[in-house]
Amino acid sequence: MKHLIPVAVAIVLSMNAHAEDSKLAAKAFGITFKVPDELVAKYKSDYQIDLEAASGQNHHLLPHPAVFIVGRDGIIRFAHVNPDYKSRLDPAEILKAAGESAVPAEPDSPQP
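Residues numbered from 1 in each chain as written. Predicted model: local features only at pLDDT ≥ 70, side-chain atom pairs only at ≥ 80, totals over all residues. Heavy atoms only, no water.

### A closer look at the overall build of the protein chain
Note the cut-off: Each helix corresponds to a stretch of at least 4 residues labelled H or I by DSSP, and each strand to a stretch of at least 2 residues labelled E; elements are numbered beginning at the N terminus. Here, residues are in contact when the closest pair of their heavy atoms is within 4.5 Å. Note that accessible areas follow from Shrake-Rupley with a 1.4 Å probe, and for residues the cover is restricted to the protein chains shown.
A tally of regular secondary structure across the protein chain gives 4 helices and 7 strands. Long-range pairs, those at least 24 residues apart, make up 60% of the contacts in the protein chain between residues at least 6 apart in sequence. About 7600 Å² of surface is accessible on the protein chain, with carbon and sulfur atoms providing 58% of the total.

### Things to note about the environment of V81
Rule in force here: Note on classification: 1.4 Å probe, protein chains only; a residue is buried when its accessible area is under 20% of the maximum for its type, exposed when over 50%, partly exposed between these limits.
When you line up the elements, V81 lands in strand β6 (residues 76-81). Since its relative accessible area comes to 38%, V81 is described here as partly exposed. Considered as a pair, V81 and A66 are 15 residues apart in the sequence and their alpha carbons are 4.3 Å apart. Ignoring any residue separated from it by four or fewer positions in sequence, one finds V81 in contact with I31, H64, P65, A66 and F68.

### Brief notes about the environment of F33
Structurally, F33 is set in strand β3 (residues 32-34). For F33 and H60, which are 27 residues apart along the polypeptide, the C-alpha to C-alpha distance reads 8.3 Å. Dropping the residues within four chain positions of it, F33 is found in contact with H60, L61, L62, P63 and H64.

### Digging into the pattern of salt bridges
As a reminder, the rule being used: Throughout this description, the term salt bridge denotes a Lys or Arg side-chain nitrogen within 4 Å of a carboxyl oxygen of Asp or Glu.
Taken as a whole and judged by the stated rule, the model has 5 salt bridges. We note a salt bridge from D46 to K42, for which the minimum N-O separation is 2.7 Å. Placement of both D46 and K42 in helix α2 (residues 37-47) is noted, with a separation of 4 residues, approximately one turn of the helix. Residue K44 is joined to D50 by a salt bridge in which the shortest nitrogen-to-oxygen separation is 3.5 Å. For D50, a relative accessible area of 27% gives the class partly exposed.

### Considerations on the side chain of H64
Quick reminder of the rule: Nitrogen and oxygen atoms within 3.5 Å of one another constitute a polar contact, given that in protein one can donate a hydrogen and the other can accept it, and given that sequence-neighbouring residues count only through two side-chain atoms.
Turning to its location among the elements, H64 is positioned in the loop between β4 (61-63) and β5 (66-70). Reaching out from H64, the side chain makes a polar contact with the backbone oxygen of P83 at a distance of 3.5 Å. Ignoring sequence-local partners within four residues, the contact set of H64 consists of I31, T32, F33, V81, N82 and P83.

### Regarding helix α4 (residues 91-101)
Every α-helix winds through 3.6 residues per turn, so residues three or four apart in the chain are directed the same way. What counts here: The arc in question is traced by the directions running from the helix axis to the C-beta atoms.
Residues I94, A97, A98 and S101 constitute the buried set of α4. Buried residues of α4 fall within an arc of 100° about the axis and therefore sit on the same side. Of the exposed residues in α4, the ones pointing more than 90 degrees away from its buried face are L95, K96 and E100. Near the N-terminus of α4, the side chain that reaches the backbone nitrogen of A92, with its oxygen 2.8 Å away, is that of D90.

### A short note on the side chain of S101
Within the secondary structure, S101 is located in helix α4. A distance of 2.6 Å separates a polar atom in the side chain of S101 from the backbone oxygen of A97.

Structure representation (structure tokens):
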């Protein structure tokens, strides 16, 4: 385990979903869902949650909670997506998956 290439952990967070780039990333990973117009209206009228004002967009797209671990070779080594926004992956599970996903480096390769 002494010569491991660290893996990049890409986490798409719902709080970043309002940025246009984050929306594109979430769509590319296939983890977005569209909030129905009637629910957008209900959030705004009943709960004072204005998705359009918060995001600056009217696409009503939000991401499912997701974790992707991508190796330096670009291969997705671990993926977890849960459509239930209240259920998040435990950080210990993410760290375990990252350790298990590490790719052994060549002994003479430079470490970052």
